[in-house]
Amino acid sequence: MSKEGKKEKDSRPDFLRRLKQGRECVSGTDGSKPAVCEVFPLRDYWLLLFFSNGEIRLYDCAWVLKLSSMERLNKKGFLRKAQAVNGTVKWNKSIALQADELYGNSTPLTDNEGNLLKLL
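Residues numbered from 1 in each chain as written. Predicted model: local features only at pLDDT ≥ 70, side-chain atom pairs only at ≥ 80, totals over all residues. Heavy atoms only, no water.

Points about the nonpolar core
In this structure, Leu47, Leu49, Tyr59, Val89, Trp91 and Leu102 are the most contacted members of the largest nonpolar core, which totals 18 residues. Contributions of two or more residues to this core are made by strand E1 (36–41), strand E2 (46–51) and helix H2 (99–104). Looking at this core, the element that brings in the most residues is E2, giving three residues. Beyond its immediate stretch of four places on either side in the chain, Leu49 contacts Val36, Glu38, Val39, Glu55, Ile56, Arg57, Tyr59, Val89 and Leu102. Judged by nonpolar contacts, the second largest core, of five residues, contains Phe40, Phe50, Ile56 and Leu109. (Core = buried A, V, L, I, M, F, W, Y, C linked by side-chain atoms within 4.5 Å. Buried < 20%, exposed > 50% of the residue type's maximum accessible area, 1.4 Å probe, protein only. Helix = DSSP H or I, 4+ residues; strand = E, 2+ residues; numbered from the N terminus. Contact = heavy atoms within 4.5 Å.)

As structure tokens, then:
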């Protein structure tokens, strides 16, 4: 901290800064699937997801946009409002994706120990 008591700005990307904080996460409601601890919206309707079991995964939201209940995600900037809430990803009170959907239909980038996987 500086002398004025303000935190010095961290130059790392936001998701790396938040990971270092070691935020605890709730587990899934039935314990069968890991819960979402952090979510970072990326370009082209992708979500970078951090799960309670330590895995980091990518989820493609493109198919979700075809559902009439999710059409608001098409509006500019709305997808970026995604938040991890109680193990799910929510945008507002009526638009959410459950952890089972996100985990089951996402691409793993790491194993549950945080080791990067070879994707190609």
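Following the structure, the description resumes.
Topic: the side chain of Arg57
The topology assignment puts Arg57 in strand E3 (residues 56–60). At 2.7 Å, the side chain of Arg57 and the side chain of Glu55 are in polar contact. At 3.1 Å, the side chain of Arg57 forms a polar contact with the backbone oxygen of Tyr103. The residues touching Arg57, leaving out its near neighbours within four places in the chain, are Leu47, Leu48, Leu49, Phe51, Tyr103, Ser106, Thr107, Pro108 and Leu109. (Polar contact = N/O pair within 3.5 Å; in protein donor to acceptor, adjacent residues only side chain to side chain.)

So, the sheet that holds strand E4 (residues 83–85)
Taken together, the three strands give an open sheet; going across it, the order is E4-E5-E6, and neighbouring strands pair in antiparallel fashion. Because the sheet does not close on itself, it has two edges, and the strands there are E4 and strand E6 (96–97). Bridge count for strand E5 (residues 88–90) against E6 is two bridges, and the pairing is antiparallel. When the bridges of E6 are listed, Val89 appears paired with Leu97. (Pairing = 2+ DSSP bridges.)

Here we look at the sheet that holds E3
If you trace the four strands from one edge of the open sheet to the other, you get E1-E2-E3-E7, paired in antiparallel fashion. The open sheet has two edge strands, E1 and strand E7 (107–108), and neither has a second partner. Pairing geometry for E2 and E3, over five bridges, is antiparallel. Across the sheet, residue Leu49 finds its bridge partner in E3, namely Arg57.

Digging into the pairing of E2
Burial runs high along E2: five of the six residues are buried. Bridge count between E1 and E2: five bridges; the pairing is antiparallel. Bridging from a neighbouring strand, Phe40 pairs with Leu48 of E2. Where E1 folds back onto E2 in an antiparallel hairpin, the turn is made up of four residues, including Asp44, whose phi is positive at roughly 60 degrees. What sits between the antiparallel neighbours E2 and E3 is a turn of four residues, in which Gly54 has the positive phi angle 95 degrees.

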